[in-house]
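# Report on the structure
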Amino acid sequence: MKSIIFKSSNKEAFFPNESVFVSNSPANAVFAALGASLAGADSLALLSLDELCELCDALFALALSGAHGGLLIAASVKDEAEEERLIALADKAKLALLCPPLGEEAEYINRGFELSKKTQTVFLIRLGNRPLSAALNKFEPLRYRKRAERFVLEPENAKERAKSLIENRDALAEILKDSGMAHKMYEAGEDLYSPGGRNLLCTGCPYRGVYFLLSKNWLRAFSDSGCLKLGSKSPLLALDAALFPGSSPSVLRGFLIASDAKMAGETVALIDPLGLKKSGMLGIEELAADGLNATIIILDNMTSDFDFGKSFADIPCALKSSFDSFDLEDIENKLKSGLEAEGLKLIHCKGPCVLTKPYEGKAPYKTDKNRCKGCKACGRLGCPAISPDRRPDIDSGLCVSCGLCERVCQVDAIYQEFEE
């Protein structure tokens, strides 16, 4: 397999002998390269120095997650002043920088891919202003492995990854020194990441049902940031990657380009209106332009005023569907049929955030222990109101009456008790 190159739309073609894909934004090029790396490919994102300097937070996310297949982020520089800017960026983003001598760029890229795979690390690489005359090496793609503990940067994971990044710095520096490759290492630093945000999905969250379906059907899922990341928590364990706002369509794009049709039929991207408003819409346009068999699930908790429906009007889609987030049977049926169809599929799941629109005036749910068969389907929702017992109890003080547990129960053992 040949290496896969993603470049921003205003960057010249440095790689005339390679497979090059154009991205509508610099961030999308970076996250598409990550998606290809997740699929086991060697991939590189090529940007201008100015573009790269605008993406420090995104690059730091890659420093925390690391890589699977070889992953390099390249920028071309024309003088010493620009090289100093690139070195400062590498230090801030906590990424080691490879510095090839003139004429040795292709050799450094090939060796950089191998080091990236060996160390599961993302590297920056400095290039000159001339196209590469030598072709890059072919490689055998790595087998996909789910590693949510690395590629889902929710608060707890990100804190652990930041700690690991600093602890492994000296070992990485020694490996680079032994390689004989010219490089610059980032400073160690302290307290790289201060986690924030929620650690668990709220009781009644409209996202929970979709995560339940993804887990139930053993689907691969690349997600966005914010509350969407929390689908990685036990017992749902629904996410494979979740890094940055607006990133998931581009991660899916890179993954699909680097993988086969079977993997495409088992993989989706999740995004919310905030992510669409950032670079997510551009990523979806790229998926459509490439003609990829991509399935996008839009999780909409009705807290954004972004009217993304207008933005989809001119995008060719094989399927557009809209559902109530708690309509699990119809969502599952459409999801299965969508994964089998060719082209771009958009599934919009809409339900109110319980923090902004509580389920008021509804009776809490209860469990009929005589009917319950102990299948624990309701327990796999990860709802804080449901006990982990073999025949679960529902805490009436926590239950917000969203009705999701009743929908997944196959024996009608969950019911509402109304006062007479």
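One numbering rule holds for all chains: residues counted from 1, following each sequence as written. Only residues with pLDDT of at least 70 get local features here, since the model is predicted, and only at 80 or more are side-chain atom pairs given and counted; chain-wide, interface and lining totals rely on the full set of residues. In computing side-chain properties, one takes all heavy atoms of the structure into account and sets aside hydrogens as well as water.

## Digging into the overall build of the protein
- Of the regular secondary structure elements, the protein holds 15 helices and 15 strands.
- A compact globule built from 420 residues would reach a C-alpha radius of gyration of about 22 Å, and the protein, at 23 Å, matches this within 12%.
- Considering only C-alpha atoms, the protein reaches an extent of 85 × 45 × 40 Å along its principal axes.
- By the convention used here, residues are in contact when the closest approach between their heavy atoms is within 4.5 Å. Long-range contacts, defined as pairs at least 24 residues apart, comprise 78% of the intrachain contacts of the protein with a sequence gap of at least 6. Numbering of helices and strands runs from the N terminus; a helix is a DSSP stretch of H or I covering at least four residues, while a strand is a stretch of E covering at least two. When we talk radius of gyration, it's over C-alpha atoms, and the globule rule is simply 2.2 Å times the number of residues to the 0.38.

## Let's talk about the sheet that holds strand β11 (residues 295-300)
- Taken together, the six strands give an open sheet; going across it, the order is β9-β8-β10-β11-β13-β12, and neighbouring strands pair in parallel fashion. Edge positions in the sheet fall to β9 (241-242) and β12 (319-324), since each has one partner strand and no second.
- Strands qualify as paired when DSSP identifies two bridges or more between them. One ladder, built from two bridges, connects strand β8 (residues 220-223) with β9; its direction is parallel. Paired with Ser-223 across the two strands is Ala-242, which belongs to β9.
- Orientation is described by lines fitted to C-alpha atoms, with helices fitted over the stretch in contact, and by angles between N-to-C directions that extend from 0 to 180 degrees. Of the strands in this sheet, β8, β10 (267-271) and β11 are in contact with helix α10 (residues 248-258), which crosses β10 at around 165°.

## Comments concerning the sheet that holds strand β5 (residues 97-98)
- Reading across from one edge, β2-β1-β3-β4-β6-β5-β7 is the order of the seven strands in this open sheet, with mixed pairing throughout. Single-partner strands in this sheet number two, and they are β2 (19-23) and β7 (183-184).
- Looking at chain direction, strand β4 (residues 71-76) and strand β6 (residues 123-127) are connected through five bridges and run parallel. Across the sheet, the residue bridging to Ser-76 is Leu-127, located in β6.
- Seen against the sheet, helix α1 (residues 26-38) touches β1 (4-8), β2, β3 (43-48) and β4 and runs at an angle of roughly 170° to β3.
- Along the sheet face, α10 touches β1 and β2 and points at about 150° away from the line of β1.

## Section: the nonpolar core
- Counting 100 residues, the largest nonpolar core has Phe-15, Ile-73, Ile-109 and Ile-296 as the members making the most contacts within it.
- With nine residues, α1 is the largest single contributor of residues to this core.
- Not counting residues up to four positions away in its chain, the partners in contact with Phe-15 are Ile-5, Val-20, Leu-44, Leu-46, Ile-109, Leu-127, Leu-132 and Leu-136.
- For the purposes of this section, nonpolar cores are sets of buried Ala, Val, Leu, Ile, Met, Phe, Trp, Tyr and Cys residues that join through side-chain atoms within 4.5 Å. Residue burial is assigned from relative accessible area. The probe radius is 1.4 Å, only protein chains are included, and a residue is buried under 20% of its type maximum, exposed over 50%, and partly exposed in between. Leu-236, Tyr-359, Cys-402 and Cys-405 belong to the second largest nonpolar core, which has 50 residues in total.

## Overview of the pattern of salt bridges
- Here, a salt bridge means any side-chain nitrogen of Lys or Arg that lies within 4 Å of a carboxyl oxygen of Asp or Glu. By the definition in use, this model includes 18 salt bridges.
- One salt bridge connects Glu-82 with Lys-78, and the closest N-O pair in it is separated by 2.6 Å.
- Owing to a relative accessible area of 15%, Glu-82 belongs among the buried residues under this scheme.
- When its relative accessible area of 60% is taken as the criterion, Lys-78 is described as exposed.
- With its nearest N and O atoms 3.3 Å apart, the salt bridge here joins Lys-117 to Glu-114. Highlighted residues: Lys-117 and Glu-114, both in helix α5 (residues 105-119), separated by three residues, approximately one helical turn.
- Judged by its relative accessible area of 16%, Lys-117 is buried.
- Glu-114 gets classed as partly exposed once you look at its relative accessible area, which sits at 46%.

## Some thoughts on the state of the cysteines
- The disulfide criterion is simple: two cysteine sulfur atoms within 2.5 Å. Considering all chains together, one arrives at zero disulfides under this definition.
- Free cysteine: Cys-99, not disulfide-bonded; nearest cysteine sulfur from Cys-53 at 14 Å.
- As a non-bridged cysteine, Cys-349 has Cys-205 as the owner of its nearest cysteine sulfur, 12 Å distant.

## Let's talk about unusual backbone geometry
- Cis geometry is adopted by the peptide bond preceding Pro-235, which originates at Ser-234 and carries an omega value of 5°.
- Even without glycine at this site, Ser-401 takes up a positive phi of about 65°.
- The class of Ser-401 is buried, set by a relative accessible area of 5%.

## Re the packing of aromatic side chains
- Any two rings among Phe, Tyr and Trp, with Trp reduced to its six-membered ring, count as a pair given centres within 6.5 Å; such a pair is stacked if its planes are under 30 degrees apart, edge-to-face if over 60, and tilted if neither. Following the criterion strictly, the structure yields six aromatic pairs and no others.
- Plain terms: the ring middles of Tyr-144 and Phe-255 are 5.6 Å apart, the flat faces sit at 90° to each other, and that makes the pair edge-to-face. Of this pair, Tyr-144 sits in the loop between β6 and α6 (148-151) while Phe-255 sits in helix α10; the two residues are 111 residues apart in sequence, bridging distant segments of the chain.
- On the basis of relative accessible area, Phe-255 is assigned to the buried category, the value being 0%.
- With 6.5 Å between their ring centres and 50° between their planes, Phe-306 and Phe-308 make a pair best called tilted.
- Put simply, the rings of Tyr-144, Phe-222 and Phe-255 pair up and form one aromatic cluster.
- Charges are assigned to positions over rings by a cutoff of 6 Å between ring centre and Lys NZ or Arg CZ, combined with an angular limit of 35 degrees from the ring normal. Sitting over the face of the ring of Tyr-186, Arg-169 holds its NZ or CZ atom 5.9 Å from the ring centroid.

## Re a positive patch on the surface
- Residues Arg-371, Lys-373, Lys-376, Arg-390 and Arg-391 make up a contiguous surface patch of positive charge.
- Among the secondary structure elements, Lys-376 is positioned in the loop between β14 (365-367) and α15 (404-408).
- By relative accessible area, Lys-376 is classed as partly exposed at 39%. Residues enter patches when they are more than 30% accessible in relative terms and free of salt bridges; like-charged ones are connected within 9 Å and nonpolar ones (Val, Leu, Ile, Met, Phe, Trp, Tyr) within 5 Å. In short, Shrake-Rupley with a 1.4 Å probe defines the accessible areas, and a residue's cover is counted only from the protein chains shown. When charges are counted, Lys and Arg are positive and Asp and Glu negative, with His and the chain ends excluded. A single reference atom marks each charge: NZ on Lys, CZ on Arg, CG on Asp, CD on Glu.

## A word on the pairing of β8
- In β8, alternate side chains face the same way, and those of Arg-220 and Phe-222 on one face and Ala-221 and Ser-223 on the other are all buried.
- Sheet topology note: the β8/β10 ladder contains three bridges and is parallel. Residue Ala-221 lies in a different strand from β10, and its bridge partner there is Val-268.

## Some remarks on the environment of Asp-368
- As for its placement among the helices and strands, Asp-368 is situated in the loop between β14 and α15.
- Residues contacting Asp-368, with those up to four places away along its chain left out, are Ala-413 and Tyr-415.

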